[in-house]
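# Observations on the model geometry
What follows is each chain in one-letter form.
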Amino acid sequence: MTRTSAEIASLLRCPITRGPLTPLKPDELDEANRLAAAGALRRRDGTPVADKIESGFAPSSGRFFYPVVDGILALLPDSAIFREAPGSRPDGLRDEKRRVRDFYDQTGWQPTPEGLFSESARFGDLRAVTEGYHRNCEERLLRRLPAEGGILLDAGSGPAQNIRDTGASRRFRTRICVDLSRVGLLAAKSRIGDRGIYIQADVADLPLADGCVDAAVCLHVLQHLPPDEQGAALRGLHRVLKPHGRALVVYAWGYHSYLMNIATLPYHLIRIVKDLYLRHAVGRPQARIYFDAHGYRWFRRQTWGFPLEIASWRSLSTPFLKCYVHGGWGGERILRLAVALEDRFPHLMGVVGHYPLFIIEKA
Ligand SMILES: C[S@@+](CC[C@H](N)C(=O)[O-])C[C@H]1O[C@@H](n2cnc3c(N)ncnc32)[C@H](O)[C@@H]1O
């Protein structure tokens, strides 16, 4: 990490006490590793700690600390390591979140033989005919981000494969990657290296200090949170922005995306039959990912306390692209029309299309 431990600590907030954190002193770290080697260190849920701890951050009480192992700071309440036995407590991560974490650790961010991530191979559309359409969507995000800045928060970063922020297109000095998936964070670290800060944490309860980031992105994440925590996640993004900072959130309407779902009914029917076949005939069900989206009206009904603009990130769903967009069959013309409508009527296309873009600005 190019930032010092003290600089990193100034960005953090304890997910248990909600107070500040400070780096462990060298003698505290030695003591922690000595206790870990003797099997005497326990996490909040009572499980023993066996890994070599590289550094750590503790609240002012000093009763517990959060460890850094392999460059990943574990900042979930359950990752807190107690110096004295806290007694066994239940795992605080909700079942829905545990399912998401396990899906991405065990399947989503595992590589395929072709060198892709399983989730991109399964849910993405990697055909050449749609490449320009996808690039256009990413540029839409880049245009709305500041040209340069100190810190970009990537909430639910996975391997940080979206938002080109490397090489010539590098805009931010530091990218904070937050994710539940340790496998995703390790992949992000191998892409971004020392310029990143990697935190295993919950985006619904961001363990970051108020007003500490210049910009934030949260792409394809919110719909994987339990519905009753999605509002808290948006408010948390607003809280950690500096004044005049901006957060971009790409969401998916899912079952509420009526146009796309009707247009792709045959695709969904085939998928259901394929799932049933794999489950019952082959006995190898596809790993499922937890997903529960709100509709547009829910977002309209909430009192946010800040302006929440809705625009279009991408109106066409992946099933729609796979069904109707093929080279030489007028596919390019469909994509050109979609881009023109998304650019000309961003709000309308955000509402009726598949992937809205929420824009949050801090006054
Ligand atoms: C569809 S992937 C998107 C990854 C990345 N933002 C991108 O656009 O490529 C969703 C990611 O969100 C993470 N995620 C889901 N729920 C989360 C939560 N409550 N806290 C932190 N990360 C979460 C998952 O582990 C996964 O890496």
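Just so it is clear, the structure is predicted and the values come from calculations on it, not from any experiment.

Cut-offs used in this document
- Going along each chain's sequence as written, the residues are numbered from 1 onward.
- Restriction of local features to residues with pLDDT of at least 70 applies here, the model being predicted, together with a cutoff of 80 or more for giving and counting side-chain atom pairs; totals for whole chains, interfaces and linings are based on all residues.
- Water and hydrogen atoms were dropped before computing side-chain values, which therefore reflect all heavy atoms in the structure.
- Secondary structure counts use DSSP, requiring at least four H or I residues in a row for a helix and at least two E residues in a row for a strand, with both numbered from the N terminus.
- Only the C-alpha atoms count toward the radius of gyration. The rule for a globule is 2.2 Å times the residue count to the power 0.38.
- For every residue, the accessible area obtained with a 1.4 Å probe (protein chains only) is divided by the maximum for its type, and the residue is called buried under 20%, exposed over 50%, and partly exposed between those limits.
- Contacts: residue pairs with any heavy atoms within 4.5 Å of one another.
- Computed with a 1.4 Å probe, the accessible areas rest on the Shrake-Rupley method; for each residue, only the protein chains presented here act as cover.
- When charges are counted, neither His nor the chain ends are considered; positive counts come from Lys and Arg and negative counts from Asp and Glu.
- Taken as the charge centre is NZ of Lys, CZ of Arg, CG of Asp or CD of Glu, depending on the residue.
- Whenever Lys or Arg places a side-chain nitrogen within 4 Å of a carboxyl oxygen from Asp or Glu, that contact is recorded as a salt bridge.
- When at least one non-hydrogen atom of a residue lies within 4 Å of a molecule or strand, that residue is treated as near it.
- Within 3.5 Å is the distance limit for a polar contact, defined as a pair of N or O atoms, with the added protein rule that one can donate a hydrogen and the other accept it, and that residues adjacent in sequence qualify only through two side-chain atoms.
- Ten residues, namely Ala, Val, Leu, Ile, Met, Phe, Trp, Tyr, Cys and Pro, are considered nonpolar, four, namely Asp, Glu, Lys and Arg, are considered charged, and the remaining ones, Gly among them, are considered polar.
- An automatic or database domain assignment is the source of the domain bounds shown.
- Note: buried area is the sum, over both parts, of the accessible area (probe 1.4 Å) each one loses when the two are combined.
- We place a 1 Å grid over just the protein atoms. Points where a 1.4 Å probe fits but has no way out form a cavity, open points with protein on both sides within 12 Å along at least 5 of 7 lines form a pocket, and any residue with an atom within 4 Å of a point lines it.
- Grid points are joined across faces, edges and corners, and a volume is the space filled by probe spheres set on the points.
- Residues grouped as a nonpolar core are buried Ala, Val, Leu, Ile, Met, Phe, Trp, Tyr and Cys residues, joined through side-chain atoms within 4.5 Å.

### So, the overall build of the protein
Regarding its fold elements, the protein presents 13 helices and 13 strands. Against the globule reference of 21 Å for 363 residues, the protein gives a C-alpha radius of gyration of 22 Å, in line with a compact fold. Taking the principal axes of the C-alpha coordinates as reference, the protein spans close to 70 × 55 × 40 Å. Taking all 363 residues of the protein together, 51% fall into the buried category. Excluding contacts between residues fewer than 6 apart, the proportion of contacts in the protein whose partners are at least 24 apart in sequence is 70%. As displayed, the protein has an accessible area near 17,200 Å², and 56% of this comes from carbon and sulfur atoms. One way to put it: in the protein the 50 positive side-chain charges average out to a point 4 Å from where the 40 negative ones average out.

### Examining the pattern of salt bridges
If you walk through the whole model with that rule in mind, you get 21 salt bridges. A salt bridge links arginine 44 to aspartate 78; the shortest N-O distance between them is 3.7 Å. With a gap of 34 residues between them, arginine 44 in the loop between strand S2 (42–43) and strand S3 (55–58) and aspartate 78 in the loop between strand S5 (72–74) and strand S6 (81–82) connect regions that are remote in the sequence. One salt bridge connects aspartate 70 with arginine 182, and the closest N-O pair in it is separated by 2.8 Å.

### Section: the site of the ligand
Around the ligand lies a shell of 19 residues, among which Gly156, Asn162, Asp179, Asp202 and Leu219 are the nearest. One of the side-chain N or O atoms of aspartate 179 is found 2.6 Å from an oxygen atom in the ligand. Contacts to the ligand include leucine 219, whose backbone N or O atom sits 2.8 Å from a nitrogen atom. Within the complex, the protein chains bury 97% of what would otherwise be the 590 Å² of accessible surface of the ligand. In the shell around the ligand, the residues fall into nine nonpolar, seven polar and three charged.

### Remarks on the domain arrangement of the protein
Under the domain assignment used here, the protein contains domain 1 (5–82) and domain 2 (101–361). Computed from C-alpha atoms alone, the centre-to-centre distance between domain 1 and domain 2 is 31 Å. At the junction of the two partners, domain 1 supplies 16 residues and domain 2 supplies 22 residues. Taken as a group, Leu11, Arg13 and Ile72 account for 42% of the area that domain 1 buries against domain 2, more than any other trio of residues on that side. Applying the counting rule to domain 1 against domain 2 returns three salt bridges. Aspartate 205 serves as the salt-bridge partner of arginine 13, at 3.8 Å between the closest nitrogen and oxygen. Taken together, the links from domain 1 to domain 2 amount to ten residue pairs in polar contact (both at pLDDT 80 or more).

### Focus: the layout of surface pockets
Counted as a void, the second largest pocket has a volume near 370 Å³. Arg43, Ala74, Ser79, Arg182 and Gln200 are, among the 18 residues lining the second largest pocket, the residues nearest its centre. Of all elements in the fold, only strand S4 (64–69) and S5 reach the threshold of two or more residues within the lining of the second largest pocket. Class assignment for the residues of the lining of the second largest pocket results in nine nonpolar, two polar and seven charged.

### Some points on the nonpolar core
Ranked by internal contacts, the top residues of the largest apolar core, which has 52 residues, are Leu12, Leu153, Ile176, Ile199, Leu234, Leu237 and Phe299. At four residues, the largest contribution of residues to this core is made by helix H7 (residues 227–240). Shared between two domains, this core takes at least three residues from each, and those domains are domain 1 (5–82) and domain 2 (101–361). Here leucine 12 is in contact with Pro20, Leu21, Phe57, Leu73, Leu75, Ile199, Pro207, Leu208 and Ala209, once residues within four sequence places are set aside. Membership of the second largest hydrophobic core comes to 18 residues, among which are Cys137, Leu145, Val217 and Ala252.

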